[in-house]
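Results of the structural survey
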Amino acid sequence: MSIEITGVSKRFGDFVALDDVSVSIPSGGLTALLGPSGGGKSTLLRIIAGLETADTGRVEIEGVDATRLSPQKRNVGFVFQHYAAFKHLSVARNVAFGLEIRKKPKPEIRERVEELLKLVHLSQFADRLPAQLSGGQRQRMALARALAVQPSVLLLDEPFGALDAKVRKELRDWLRRLHDEVHVTTVFVTHDQEEALEVADEIVVINEGRVEQVGSPDELYDRPANDFVMRFLGPVTELGDRLVRPHDLQLLTDSTDPGAVSGRVKRITRIGFEIRVEVAVGEQDVTVTLTRNEFLALDLQVGSEVQVRVAPEVGAVQHRSQAVGAV
C-alpha cells in the first residue's frame, strides 16, 4: 500500500511548512519522518491522513488520488502522541470504537478486539479504564484501536514522545516486532535520531519544509547527502575542515603517519562502555570515541601528547563512495 507524495506545499500565513515535497513511501515498510521541531514532518503526516489540506501537490494512497478525500475515506489509522483515549470507555470499548461506528456485527467486533488485545499484550486489562493503565499501556491501546479497522496505512505522530526513556526504548522494540507481524504500511514522525535508526526500514529527513535525504538507516548514517544530515543523524566532530564521526577517528601515541595531526588530551569522559576523549588540535577541540579496551591500551591521561587521524578503512570507504558518485 504505497504512498506517493508529489509537489506538496503548505503555508500557514507567512510560514512555509512544506516546500514542494515529493517522496515515495514503499508498501509494507516502516518509514520514519525525521527532523527537528518545526521542520514540517508532522504537517506532512497530517496531509497524508487528510487532517490538513495541501496548498499544492498530490497525495496517492494505493494508487488512488487521495488529495481531496476526507480522512474517513482514506482508510488510514492515526495514533497521536497523547493517546486521545475515550476516558469513560473500557480498554476493550476503546479498541472497538471504530468498528462500532462502522456498524460491524457484534461477534465480529468481539473477535477482532480479542485478537488485537492479545497482539498488544493487553488482554488482561480489557475491562479497565484508560486512567488505570500506564503510559506505555495506553499507547499500545491506541495502536490497537488504530489497527482495529484494518487500515491500509498506519500513521503515528511522535507516538512515544510523552513517555520516559526506558518505556520509549521498550515500545520501540515492541513496535518493530508488531510491524513484522502485521506488515501494514507504517509512517511515524519522530525527532529522535536513535528511534529512527533503530526502528525504521527507511528514513525521510525533513528540514525547513524540504526533504534533505531519503534512504535506509545505514545509507543515511554512512553516506549522508549533506552536512545537515550528517550532523542530525549521530554525533559529529570536526578535524580540520572535515566533519567526521568521533568513532571513526583514531588516537596514536607514536606515529609517523603524515595524515595524522598532533594534539593534547584535554578531557576524558567515561559514558557507560565508551570513553570520550577531547583533544585540543590547534584551535580546535576534537572529540574521539574509544572503547574501554582501546583507551586502556593507549594509557592516556589529561595532558598526554597524541596524534589524531581518520581510521584508514573509513577513508577508503568514503573515497570509494565519492568515486561512485562522480561516475
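**Topic: the overall build of the protein**
A tally of regular secondary structure across the protein gives ten helices and 17 strands. If one aligns the C-alpha atoms of the protein with their principal axes, the spans along those axes are about 80 × 45 × 35 Å. Counting only contacts in the protein whose residues sit at least 6 apart along the sequence, the fraction spanning at least 24 positions is 62%. For the protein, the exposed area adds up to about 16,700 Å²; of that, 49% sits on carbon and sulfur atoms. In the protein, the 40 positive side-chain charges and the 47 negative ones have mean positions that sit 8 Å from each other.

**Brief notes about the sheet that holds strand 4 (residues 56-61)**
Pairing within the open sheet is antiparallel, and its four strands lie in the order 2-1-4-5. Both outer strands of the open sheet, strand 2 (15-25) and strand 5 (64-65), are each paired with one neighbouring strand and no more. In the sheet, strand 4 pairs with strand 5 via two bridges, with the strands oriented antiparallel. Residue pairing across strands places Glu60 opposite Asp65, the latter belonging to strand 5.

**Brief notes about the pattern of salt bridges**
Following the criterion strictly, the structure yields 20 salt bridges and no others. Ionic pairing is found between Asp55 and Lys10, a salt bridge with its closest N-O pair at 3.9 Å. Residue Asp55 is located in the loop between helix 1 (41-49) and strand 4, and its partner Lys10 is located in strand 1 (residues 3-12); the two are separated by 45 residues in the primary sequence. Across the salt bridge formed by Arg46 and Glu52, the nearest N and O atoms sit 3.7 Å from each other. Since its relative accessible area comes to 26%, Arg46 is described here as partly exposed. Connected through shared salt-bridge partners, Lys169, Arg172, Asp173, Glu194, Glu195 and Glu198 make up one network.

**Some remarks on the confidence of the model for the protein**
With 94% of its residues at a pLDDT of at least 70, the protein reaches an overall mean of 89. Throughout residues 316-327 the model reports pLDDT below 50, and contacts reaching past four residues in sequence, or to other chains, amount to two contacts.

**Notes on the side chain of Arg309**
Turning to its location among the elements, Arg309 is positioned in strand 17 (residues 305-310). At 2.7 Å, the side chain of Arg309 and the side chain of Gln250 are in polar contact. A distance of 2.7 Å separates polar atoms of two side chains, one belonging to Arg309 and the other to Asp257. Here Arg309 is in contact with Asp248, Leu249, Gln250, Leu252, Asp257, Gly259 and Ala260, once residues within four sequence places are set aside.

**Observations concerning the sheet that holds strand 3 (residues 30-34)**
Whenever strands of a sheet pair, they do so through backbone hydrogen bonds, lying parallel or antiparallel. The six strands lie next to each other as 6-7-8-3-9-10, forming an open sheet whose pairing is mixed. Two strands lie at the open edges of the sheet, namely strand 6 (76-79) and strand 10 (210-215), each paired on one side alone. Along the sheet, successive strands turn relative to each other by an average axial angle of 15 degrees, direction set aside. Bridging between strand 9 (residues 202-207) and strand 10 involves five bridges; their strand directions are antiparallel. Following the sheet pairing, Ile206 is matched in strand 10 by Val211.

**A few points about the pairing of strand 16 (residues 284-291)**
The sheet contact formed by strand 15 (residues 274-281) and strand 16 spans eight bridges and is antiparallel. By the bridge assignment for strand 16, Ala280 is matched with Asp285.

**Looking at the nonpolar core**
Of all hydrophobic cores here, the largest spans 46 residues; its most connected members are Val95, Leu117, Leu154, Ile203 and Leu233. The element best represented in this core is helix 4 (residues 135-148), accounting for seven residues. In this structure, Leu233 is in contact with Leu34, Gln193, Leu197, Ile203, Val205, Leu220, Tyr221 and Arg245, ignoring residues within four places of it in sequence. Judged by nonpolar contacts, the second largest core, of 25 residues, contains Ile25, Leu44, Leu45 and Ala54.

**Digging into the packing of aromatic side chains**
This structure, assessed with the given rule, holds two aromatic pairs. Both rings, one in Phe228 and one in Phe232, keep their centres 5.5 Å apart while their planes meet at 15 degrees; by these two values the pair is stacked. Of this pair, Phe228 and Phe232 both sit in helix 8 (residues 227-232), separated by four residues, roughly a single helical turn. The exposure class of Phe228 is partly exposed, given its relative accessible area of 23%.

**Some words on the pairing of strand 6**
Burial of the side chains of strand 6 extends over both faces: Val76 and Phe78 are buried on one face and Gly77 and Val79 on the other. Looking at chain direction, strand 6 and strand 7 (residues 153-157) are connected through four bridges and run parallel. Bridge assignment links Val76 to a residue of strand 7, and that residue is Val153.

Conventions and cut-offs
- Residues numbered from 1 in each chain as written.
- Predicted model: local features only at pLDDT ≥ 70, side-chain atom pairs only at ≥ 80, totals over all residues.
- Heavy atoms only, no water.
- Helix = DSSP H or I, 4+ residues; strand = E, 2+ residues; numbered from the N terminus.
- Contact = heavy atoms within 4.5 Å.
- Areas by Shrake-Rupley, 256 points an atom, 1.4 Å probe, with all protein chains shown as cover.
- Lys, Arg positive; Asp, Glu negative; His and termini not counted.
- Charge placed at Lys NZ, Arg CZ, Asp CG, Glu CD.
- Pairing = 2+ DSSP bridges.
- Salt bridge = Lys/Arg side-chain N within 4 Å of Asp/Glu carboxyl O.
- Buried < 20%, exposed > 50% of the residue type's maximum accessible area, 1.4 Å probe, protein only.
- pLDDT = per-residue confidence, 0-100.
- Polar contact = N/O pair within 3.5 Å; in protein donor to acceptor, adjacent residues only side chain to side chain.
- Axes fitted to C-alpha atoms, helices over the stretch in contact; angles between N-to-C directions.
- Core = buried A, V, L, I, M, F, W, Y, C linked by side-chain atoms within 4.5 Å.
- Phe/Tyr/Trp six-rings, centres within 6.5 Å; stacked < 30°, edge-to-face > 60°.

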